[in-house]
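# Coordinate analysis (summary)
Listed here are the chains, written in short residue letters.
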Amino acid sequence: MGKFYKYIWISLLFALLVLVRWFEKDIFYDPYLLFFQNDYLYIDSPRQEVLKLVAFTSLRFFINTILSLLILYFFFKDKSVVKFATFVYLVSFVILTVFYLYFVLEPKQENYYFFFNIRRFLIQPVLLLLLLPAFFYHRLKK
């Protein structure tokens, strides 16, 4: 595959990540979207359906993960990079989901900021922003 098609695919995948973010209110159930847009440090946690919330948060994480892994594949053309990134994503998902569930089930105002950041790692492709430069730097050092 030539460089032109490589960059077309990477651009298309990034555009899909943007579309996931753009249509988040229409696609995913998440009462915390509005909550964290307001002055959340001074208001109570919104009512939510826990199973539905965790299911949609997980769905969004896996959609972002698949798109991110494809971006990494098209960028580096190295299956070992994708395998390692898959491992990082799975371990991160388990750890972050445990914390996420704790904060959803036991909401306390003093933990909202930490909860906000845990949630951000689950619903946005933050890991891609960390892994892409890390793999690039690793490749330069080889």
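Here's what I pulled together on the structure shown here. Values in this document were obtained by computation on a predicted structure and should not be read as measured data.

## Observations concerning the environment of F61
With respect to the helices and strands, F61 occurs in helix 4 (residues 50–76). When the C-alpha atoms of F61 and Y89 are compared, they prove to be 9.2 Å apart, with 28 residues separating the residues in sequence. Apart from the residues lying within four places of it in its own chain, the contact partners of F61 are Y89, F93, F121 and L122.

## Notes on the packing of aromatic side chains
Inspection of the entire model under this criterion finds 14 aromatic pairs. Centroid distance Y102 to F103: 5.3 Å. Interplanar angle 65 degrees. Geometry classified as edge-to-face. You can call Y102 partly exposed: its relative accessible area is 38%. Since its relative accessible area comes to 6%, F103 is described here as buried. Ring centres of F103 and F114 lie 5.4 Å apart, and the angle between their planes is 80 degrees; this geometry places the pair in the edge-to-face category. Within this pair, whereas F103 is found in helix 5 (residues 79–105), its partner F114 is found in helix 6 (residues 112–123), the two being separated by 11 residues in sequence. Judged by relative accessible area, which is 43%, F114 ranks as partly exposed. Over the ring of F75 we find K6, and its NZ or CZ is 5.5 Å from the ring centre.

## Some points on the packing of helix 4 against helix 5
A pair of packed helices is captured by two measures, namely the crossing angle of their axes and the spacing between those axes. Relative orientation of the contacting elements helix 4 and helix 5 amounts to 160 degrees, with a least axis distance of 10 Å. As summarised for this structure, helix 4 and helix 5 are arranged roughly antiparallel, according to the angle between their axes. As for how helix 4 packs across helix 5, the hand of that crossing is right-handed. The residue inventory of the contact of helix 4 with helix 5, partitioned by class, reads 19 nonpolar, 5 polar and 1 charged.

## Regarding the nonpolar core
Core analysis: the largest hydrophobic core is formed by 33 residues, its most contacted members being L72, Y89 and Y100. Looking at this core, the elements with two or more residues in it are helix 1 (3–22), helix 4, helix 5, helix 6 and helix 7 (126–141). Among the elements that take part in this core, helix 5 stands out by supplying 10 residues, more than any other. If sequence neighbours within four positions are ignored, Y89 has contacts with F61, T65, S68, L69, L127, L128 and L131.

## Side note on the side chain of S92
By secondary structure assignment, the location of S92 is in helix 5. In this structure S92 comes out as buried when scored by relative accessible area, which is 16%. Residues within four places of S92 in sequence aside, it is in contact with T97 and L127.

Rules of the game
Residues numbered from 1 in each chain as written. Predicted model: local features only at pLDDT ≥ 70, side-chain atom pairs only at ≥ 80, totals over all residues. Heavy atoms only, no water. Helix = DSSP H or I, 4+ residues; strand = E, 2+ residues; numbered from the N terminus. Contact = heavy atoms within 4.5 Å. Phe/Tyr/Trp six-rings, centres within 6.5 Å; stacked < 30°, edge-to-face > 60°. Buried < 20%, exposed > 50% of the residue type's maximum accessible area, 1.4 Å probe, protein only. Lys NZ or Arg CZ within 6 Å of the ring centre and 35° of its normal. Axes fitted to C-alpha atoms, helices over the stretch in contact; angles between N-to-C directions. Parallel < 35°, antiparallel > 145°, perpendicular 65-115°, else oblique. Left-handed = near helix turned anticlockwise from the far one by under 90°. Nonpolar A, V, L, I, M, F, W, Y, C, P; charged D, E, K, R; others polar. Core = buried A, V, L, I, M, F, W, Y, C linked by side-chain atoms within 4.5 Å.

Geometric descriptors of this kind do not, in isolation, establish any biological role.
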